[in-house]
Structure formats: C-alpha cells, structure tokens
Amino acid sequence: MPVDGQAKLAVYKFSSCDGCQLSILDLEDELLALAERVKIAYFLEARRHVDPGPYDVGLVEGSISTPEEAERIIDVRRECKFLVTIGACATSGGIQALRNWADVEEYKRTVYAHPDYIRSLDTATPVAAHVLVDFELRGCPVNKYQLLEVLGAYLTGRRPQIPTYSVCMECKRSGNVCVMVAHGTPCLGPITQAGCGALCPSYHRGCYACFGPSDSAGPRSLCRFFMERGLARPDIVRMLRGFNGYLEPFKQTSDEYESDHIRYG
Amino acid sequence: MVGNLYIIEKARLDDLIRLLREDGCRVVGPTIRDGAIVFDEIASAEQLPRGWTDVQEAGHYRLERRTDDAYFGYVVGPYSCKRYLFPPRQRLFSITRNGRPLSGFDVDVTSASPPRIAFLGVRACDLAALEIQDRVFNAEYADPYYRDVRRSAVLIAVNCSEPGGTCFCSSMQTGPRCTRLFDLALTELPAAFAAEAGTERGRALLERLSPQPADRNVQHLVELMLESAAEHMGRALDTRELPEILLQNPEHPHWNRVAERCLACANCTLSCPTCFCSNVEDSTDLGGSRAERWRSWGSCFTLEFSYHTGGFSRSSVRARYRQWLTHKLAGWHEQFGMSGCVGCGRCITWCPVGIDVTKEATTIADDVRRADVAERGARERSR
Ligand code: SF4
Ligand code: SF4
Ligand code: SF4
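Below or above, wherever it landed, is the structure these notes cover. (Residues numbered from 1 in each chain as written. Chains lettered and ligands numbered in written order. Predicted model: local features only at pLDDT ≥ 70, side-chain atom pairs only at ≥ 80, totals over all residues. Heavy atoms only, no water.)

## Comments concerning the overall build of chain B
For step 1, the next point in the chain: On a plain count of helices and strands, chain B comes out with twelve helices and 16 strands.
For step 2, the next point in the chain: The C-alpha atoms of chain B give 23 Å as radius of gyration, which agrees with the globular expectation for 383 residues (21 Å, within 12%).
For step 3, the next point in the chain: Its C-alpha atoms put chain B at 85 × 65 × 35 Å along the principal axes.
For step 4, the next point in the chain: Counting all 383 residues of chain B, 55% fall into the buried class.
For step 5, the next point in the chain: Residue pairs at least 24 apart in sequence account for 71% of intrachain contacts in chain B once pairs closer than 6 positions are excluded. (Helix = DSSP H or I, 4+ residues; strand = E, 2+ residues; numbered from the N terminus. Rg over C-alpha atoms; globule rule 2.2 N^0.38 Å. Buried < 20%, exposed > 50% of the residue type's maximum accessible area, 1.4 Å probe, protein only. Contact = heavy atoms within 4.5 Å.)

Written as structure tokens, this is what we have:
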C-alpha cells in the first residue's frame, strides 16, 4: 500500500451493465478527493487514456461469461496488487448466472439471428471462481459510500467496515415499519446482507436481495414461512434467483424448492 | 394531589399537548405511519390514532378500526422511547489533524444537543423498560446524551385496559398499570380520562387541565378495568425458577429447533425496549486527515458481535438465540437485579418468522419441570 504518493487504480469491466462503474462516477463530491489520493490509470468507462500496469488496486465489475473473459481475468489478477470485485455480477455471477440453470445453446438460437457468432461459456460465474480476490463488495449496484469506504480503508491501511449482517439491522435503525409483519409483503431482508440502507423497505417494498446472502442467512426458514403464507414454490425459486441467486445458500435452497422431492416439516 | 385520582375531559388532551409544547418540549406520541402506530413527534391530539387499534400476533401486525373513538385503544408499536434516548446512530467524536507539531489533532466530542422530550402515551412496560435502561445508561458510568434527555423528559403514561395479542406484562410484573416513573398517568374511560400525577411536575401539569376529583365509582371502575386487563394478556410466561432452568439447560434440544427457524436477522433485539448493545465503528476520510467514531445499534444476533482475536465465539444461530434468551430472562437478574424482559411483546410481533419468546422459554421450562417431577417421583418410589 502506498504511504506517500498516489495509488494506481484500474477499473475493469467484464459481463455487466456498467452500473457499478457508474457508481464510481456518481461519487461526484468525493471524486476530486479520490483523484488526489489515487491515480486513475485505467478506467475505460471514464477516459480513453491508459497508463500501463502494474496497478495497486483493481476494481472488477462483471461476471466471467465468455472464454475470452476467463483468460483476461487471469491477466487482470497478475497486474493488480489488491483486487476488489464490485457488484453482484462480479461477486455472484449476477443476473446472467440464471443461464447456469438453463440451456445456453437454446437461448442463443432463440435470441440471435446468427448464433454461431456468439462465443460464450455455459455458465456465468463470479470472479472468485477463477482467481484469488482480496475483497468482494456486494450490491446491484454497489453502494457508492461502501466503495469509498473500501478505497479509504485500503489507502489508510485498515480493514474496511462493510457489515455482513442483515438488511433488517439497517431497516430497524432507520425506523421503518416492517413490510413483512405489518403489510404481509414477502421480504428477503432478514437473509440479505446490509449495505443499501434498507432502500426497498423504506419505500414499502420487500427486499430483493441485491447485496446477496448475509453471513448467517437461513433461507430455508424464511422460505418455509413464505410457503405457509401462501407463496408457491416457483415464486420462491424466482425470489431466490435474483441478482445473487448463484451464491450459496441461495443457490442450494432454490434448487431444493425447484425439486419436488424435498419436503419441509 | 400527587397520587390521587382526578377526572379530566377528553378535550383537555389537546391542551396537554399544547402546554407541553409551550413548555419547550417536543411531544413524542403515538401516530399512524406506514400501516402501524409508531412514536413520532406530534403537534396536536388530532395526530393521535383515535378510533384505531392494532391486531398483534407472532410475526403479524395490522391496524383495524375500533367501534369507538378511543384515543389510546391499542398497545405498543415497533419502536419505544429507546430510539430517543439511545438513538440508532450517533457520532461519538471526530478527530482532525491540525498540522501542529505537539498535539497534532483536534478532538471534537460535541454531540447533537439533547432535545427536551415529552413522551405521551407510554405504557407500563415502556416505563419498566426505561427503568432498566436507566440502570444501563444512567448509573455509575452515565451516557451523557441519555442522561440529559432522560433528565428533562416528561413522561405522560397511559394505563392499558386492553392488552394486545403479544402482551404479557402481568407475567413480568411490569403492568398493565403504571406504578412509577411517570409524571402523569392517564386511564381512558368512555367519556373522560382518569388522571393521576406521579411527580410535582405532573401535578403542576394536571392542575392546568381543570381536573375534577374522581369519585369512588370512577376509582372502582379504573381498578376493575386494570384488573381485568391483567387477566386478558395475549401471552403468559411462568417465571418460577426460569433463570435457573435456562442457565442449567444449555444443551436442551429445543435450542436446536429454534435455531432452525431463527434467521439471526436481529429484529427482536432492535425492537426490544431494553436491549442496549451497540457497535462502535471508526471511519477515516480519503485524505487521512479526519476520522470519526460512530455508535450504532448492535445485536447479539449478528455474527460480528462475538468476534474477537480467536474468531467468533457464537458462530451458530443456536448459540446466539440461546445467548439472547438466557441473558434476557436469566443473566439480567444477576447483572441488573431484574429481568431484562418487560413483557411488551415487541420481539414476538416483529420477528418476521414469528418466533415467540414466551413459547420458546415455556417449551424448555415445562420440559425441565416435567422431568424434575418425574425424577422426584422415581426417587420417592425407590425409597
Ligand atoms: S421490512 Fe424486510 S428488511 Fe425491514 S425489518 Fe422487515 S423483513 Fe427486515
Ligand atoms: S424480550 Fe421481547 S417481550 Fe421482553 S421486553 Fe424485549 S421485546 Fe419486549
Ligand atoms: S428471533 Fe426472530 S427476529 Fe430475532 S433474530 Fe431470530 S428470526 Fe430474527
């Protein structure tokens, strides 16, 4: 970690929607302070100019979903001292990981006029399935203050304060009325990692699990409760397979709910 | 006048709120927001949930219309006075580098200036919870913010004549009647309030509300209403030997069964009016010239709560639930000389999967009591 001078920052994009990279540009007020402490050496979304590596910090957005990406991520790892994945795609495979439960060839034939032009892997997987990752920042998209916290902590040489407990913690701290209890709206907050500030429940909606499973997530209990309250199995499978469906324990529980053989007492 | 029962007209409630505001208080009372009755700042009696009630069950809360237009015909909501005395997030101090050679830092410990709050409509369980929090935050080592808000707080309490579905204050001997700590305690009758002052401050307030001494009949009616309330609790908990039973049975199989349901989401602890744990976090700015220390509501249900040099000492959800229940219902007695549970039912209602302290504790306790009886019987037979 550079004590004096600037750290060289690289921002990479893999299979993703660019929303997390936009969160960096969204920093607006803090961007100048950031530019003082780090040299933005590689960030194609923001500027064409590229400073050659190696880099001190690399931020990776996106999942690994093509053969080319599977190779490129290894190069990225080589040129970054500290590698941080940002967002649901990079940390869980993202929404495109839904293909992991489907037939990609069939999708190609349905969607593209010339499916033979498309070269993609059968699965979309998180970066950590391919290379060693130093820190995973969750969210779809990431919370820009958490991003700043990770960078600030890196620059100061301390551990980032990114809580891994439930969204309910943030929800209760902000004084919301629980949408599950008071409105009967299914909410994934109890099993989802905090980070968004309980955004959806603050607007009377259930949590969609953008930040993936919390450190103690027990989806089985919550889903059993949903079933008792009248949700059908396919609804539950769809709920779990959102932005982070390919992360455990969401993946396993959604598989169990998909197969008819599992019973819950 | 303190301790005697008076009658005040219902219309005086609005005057009471006005008087409190004129005295410089922020009046915090029950009001409807997002489908629940919550504590919030109010400016007039019109903002009270008049004619509404709450239906509460494990993991379930709904508002319903009453058949009358009572002002206080419901029980407690998701949050308590705790929010105001021990706010969910507070900056403790900030440090800024000043570039000077010796001291090097400026430390700023100023916190938000404590507001003067009049709590309107607090219930007996809320008062008992305050008493507990006083022992935590306002004892030998006082939390300055808590101490200041608490010192100036005016407590206008309401006796509960219709307990809710998850209430069990009579089991915990904290309600439904307000017996201490309040400045003024009201009991809502069909056509008036019965009012009792608990302090000089309460007496002075009451005097300004044109009180009429309550006659025998009114006194008798209030007694009857509160006696009947005590018999109509939605829940009950047999507390006999409960601390011993819980502490001596850490391996009871029922802990596992609860753990299979518990999500470790922490809603129970954050809505509990007596839970006092917090996280303390330091943050730095990007330039490394300023740092802040923040305190926020924490919970023994989080994994990080038991993190120390050697790792996590309570990594299983079973260990966390057991920690919570045994601390609340057993350890607290030793620590604070009273139970940590006041029987308000919030943790039951606001648990998203409806886990019920009274049920879980009773399941274990009954099982142990039965086993004890069986064992004693066997011993006697063998003699
Ligand atoms: S609304 Fe959702 S996130 Fe908020 S407390 Fe309820 S279950 Fe938890
Ligand atoms: S443990 Fe539950 S019932 Fe007891 S005081 Fe806390 S929230 Fe109320
Ligand atoms: S008991 Fe209920 S509210 Fe408390 S942590 Fe467990 S699931 Fe959450």
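## Structural notes on the overall build of chain A
For step 1, the next point in the chain: Along chain A, the regular secondary structure elements total twelve helices and five strands.
For step 2, the next point in the chain: Relative to the compact-globule value of 18 Å for 265 residues, chain A shows a C-alpha radius of gyration of 20 Å, a close match.
For step 3, the next point in the chain: If you line up chain A on its principal axes, its C-alpha atoms span 60 × 50 × 30 Å.
For step 4, the next point in the chain: Each of the 265 residues in chain A was classed as buried or not, and the buried ones make up 54%.
For step 5, the next point in the chain: Sequence separation of 24 or more characterises 72% of the internal contacts of chain A that already satisfy a separation of 6 or more.
For step 6, the next point in the chain: Of the roughly 12000 Å² of accessible surface on chain A, a fraction of 54% belongs to carbon and sulfur atoms.
For step 7, the next point in the chain: Of the charged side chains in chain A, 29 are positive and 33 negative; the average position of the first set lies 3 Å away from that of the second. (Areas by Shrake-Rupley, 256 points an atom, 1.4 Å probe, with all protein chains shown as cover. Lys, Arg positive; Asp, Glu negative; His and termini not counted. Charge placed at Lys NZ, Arg CZ, Asp CG, Glu CD.)

## Remarks on the state of the cysteines
For step 1, the next point in the chain: Under the defined criterion, the tally for this structure stands at zero disulfides over all chains.
For step 2, the next point in the chain: Just so you know, Cys-140 of chain A is unpaired, no disulfide at all, and the nearest cysteine sulfur is the one on Cys-210 of chain A, 5.7 Å from it. (Disulfide = S-S within 2.5 Å.)

## Thoughts on the nonpolar core
For step 1, the next point in the chain: Grouped together as the largest cluster of nonpolar side chains are 134 residues, with contacts concentrated most on Tyr-321 and Trp-324 of chain B.
For step 2, the next point in the chain: Counting residues per element, this core draws most heavily on helix H3 (residues 124–137) of chain B, at eight residues.
For step 3, the next point in the chain: With 23 residues, the next largest nonpolar core counts Cys-20, Val-142, Leu-148 and Tyr-154 of chain A among its residues. (Core = buried A, V, L, I, M, F, W, Y, C linked by side-chain atoms within 4.5 Å.)

## Topic: helix H6 (residues 216–231) of chain B
All names here are of chain B.
For step 1, the next point in the chain: Taking 1.5 Å per residue as the helical rise, H6 with its 16 residues ought to reach 22 Å, and the 23 Å between its terminal C-alpha atoms agrees with that figure.
For step 2, the next point in the chain: Those residues of H6 that sit buried are Val-218, Val-222, Met-225, Leu-226 and Ala-229. The arc that holds the buried residues of H6, viewed along the axis, is 90°, so those residues lie on one side. Away from the buried face of H6 by more than 90 degrees, exposed residues Arg-216, Asn-217 and Glu-231 are located.
For step 3, the next point in the chain: Taken together, the buried residues of H6 touch strand S1 (5–9), strand S10 (184–188) and strand S11 (192–197). (Expected span 1.5 Å × (residues − 1). Arc of directions from axis to C-beta.)

## Examining the site of ligand 3
Residue and element names in this part refer to chain B.
For step 1, the next point in the chain: Lining the immediate surroundings of ligand 3 are 13 residues, of which Cys-262, Leu-263, Cys-265, Cys-268 and Cys-351 lie closest.
For step 2, the next point in the chain: Cavity membership is defined here by more than half of the atoms lying within 2 Å of grid points; on that basis ligand 3 lies in the largest cavity.
For step 3, the next point in the chain: Along the lines of polarity and charge, the residues of the shell around ligand 3 split into twelve nonpolar, one polar and no charged. (Near = heavy atom within 4 Å. 1 Å grid on protein atoms, 1.4 Å probe; cavity = no way out; pocket = protein on both sides within 12 Å on 5 of 7 lines; lining within 4 Å. Sits in = over half its atoms within 2 Å of the grid points. Nonpolar A, V, L, I, M, F, W, Y, C, P; charged D, E, K, R; others polar.)

## Some words on helix H6 (residues 144–156) of chain A
Two residues of an α-helix separated by three or four positions point the same way, owing to the 3.6 residues in each turn.
For step 1, the next point in the chain: Taking 1.5 Å as the rise per residue, H6 of chain A with 13 residues should run 18 Å; its terminal C-alpha atoms sit 18 Å apart, in good agreement.
For step 2, the next point in the chain: Among the residues trailing H6 of chain A, Gly-157 of chain A stands out with phi positive, at a value near 80°.

## Here we look at the packing of helix H10 (residues 219–228) of chain A against helix H11 (residues 233–240) of chain A
Residue and element names in this part refer to chain A.
For step 1, the next point in the chain: Relative to each other, H10 and H11 sit at 140°, their axes nearing to 10 Å. Taken together, the axes of H10 and H11 lie oblique to each other. Helix-helix and strand crossings are classified by hand; for H10 and H11 the assignment is right-handed. Contacts from Pro-219, Cys-223, Phe-226 and Met-227 in H10 reach Arg-233, Ile-236, Met-239 and Leu-240 in H11.
For step 2, the next point in the chain: Of the residues that constitute the contact of H10 with H11, the class distribution is seven nonpolar, no polar and one charged. (Axes fitted to C-alpha atoms, helices over the stretch in contact; angles between N-to-C directions. Parallel < 35°, antiparallel > 145°, perpendicular 65-115°, else oblique. Left-handed = near helix turned anticlockwise from the far one by under 90°.)

## Concerning the interface of chain B and chain A
For step 1, the next point in the chain: Contacts between the two partners involve 44 residues from chain B, matched on the other side by 40 residues from chain A.
For step 2, the next point in the chain: Carbon and sulfur atoms supply 56% of the area buried between chain B and chain A, which totals about 3300 Å² over both sides.
For step 3, the next point in the chain: Its largest share of buried area at the contact with chain A, chain B owes to Asp-34, Leu-263 and Leu-286 of chain B, together 22% of the area lost on that side.
For step 4, the next point in the chain: For the pair chain B and chain A, the interface holds zero salt bridges.
For step 5, the next point in the chain: Counting across the chain B and chain A interface gives 19 residue pairs in polar contact (both at pLDDT 80 or more).
For step 6, the next point in the chain: Looking at the side of chain B that touches chain A, the elements that each hand over two or more residues are strand S3 (36–41), strand S5 (60–65), helix H8 (253–261), helix H9 (267–271), strand S13 (278–284) and strand S14 (290–297) of chain B.
For step 7, the next point in the chain: Of the residues belonging to the side of chain B that touches chain A, the class tally is 19 nonpolar, 15 polar and ten charged. (Buried area = accessible area lost by both parts, 1.4 Å probe. Salt bridge = Lys/Arg side-chain N within 4 Å of Asp/Glu carboxyl O. Polar contact = N/O pair within 3.5 Å; in protein donor to acceptor, adjacent residues only side chain to side chain.)

## Topic: the packing of aromatic side chains
For step 1, the next point in the chain: The full count for this structure, using the stated rule, is 21 aromatic pairs over all chains.
For step 2, the next point in the chain: Taken together, a centroid distance of 5.2 Å and an interplanar angle of 25° make the contact between Phe-137 of chain B and Tyr-146 of chain B stacked.
For step 3, the next point in the chain: With a relative accessible area of 8%, Phe-137 of chain B lands in the buried category.
For step 4, the next point in the chain: Considering the side-chain rings of Tyr-307 of chain B and Phe-312 of chain B, the 5.1 Å spacing of their centres and the 50° angle between planes classify their relative orientation as tilted.
For step 5, the next point in the chain: On the basis of relative accessible area, Phe-312 of chain B is assigned to the partly exposed category, the value being 41%.
For step 6, the next point in the chain: Grouping aromatic residues by their ring pairs yields a cluster made of Tyr-71, Phe-72, Tyr-74 and Phe-193 of chain B.
For step 7, the next point in the chain: Over the ring of Phe-14 of chain A we find Arg-72 of chain A; its NZ or CZ atom is 4.0 Å from the centre of that ring.
For step 8, the next point in the chain: Directly above the ring of Trp-297 of chain B sits Lys-82 of chain B, whose terminal nitrogen or CZ lies 4.9 Å from the centroid. (Phe/Tyr/Trp six-rings, centres within 6.5 Å; stacked < 30°, edge-to-face > 60°. Lys NZ or Arg CZ within 6 Å of the ring centre and 35° of its normal.)

## A look at the sheet that holds S14 of chain B
All names here are of chain B.
For step 1, the next point in the chain: If you trace the four strands from one edge of the open sheet to the other, you get S7-S6-S14-S13, paired in antiparallel fashion. With partners counted over all chains shown, the strands left at the sheet margins are strand S7 (105–108) and S13, one partner each. For this sheet, the mean inter-axis angle between neighbouring strands, taken without regard to orientation, is 15°. (Pairing = 2+ DSSP bridges.)

## Considering empty space enclosed by the protein
Residues and elements named next belong to chain B.
For step 1, the next point in the chain: Going through the model one piece at a time under the given rule, you end up with eight cavities of 30 Å³ or more.
For step 2, the next point in the chain: Estimated volume of the largest cavity: approximately 130 Å³.
For step 3, the next point in the chain: Cys-262, Cys-268, Tyr-321, Cys-351 and Ile-355 are the residues nearest the centre of the largest cavity, which is lined by 16 residues in total.
For step 4, the next point in the chain: Counting only elements with at least two residues in the lining of the largest cavity, the list comes to H9, helix H10 (317–336) and helix H11 (346–349).
For step 5, the next point in the chain: Each residue belonging to the lining of the largest cavity can be placed in one class, and the counts come to 15 nonpolar, one polar and no charged. (Points joined across faces, edges and corners; volume = space filled by probe spheres on them.)

## Structural notes on the site of ligand 2
All names here are of chain B.
For step 1, the next point in the chain: All residues in the neighbourhood of ligand 2 are listed as Phe-168, Cys-272, Pro-273, Trp-324, Lys-328, Cys-341, Val-342, Gly-343, Cys-344, Gly-345, Arg-346 and Cys-347.
For step 2, the next point in the chain: Contributing elements (two or more residues each) for the shell around ligand 2: H10 and H11.
For step 3, the next point in the chain: Split into classes, the residues belonging to the shell around ligand 2 amount to eight nonpolar, two polar and two charged.

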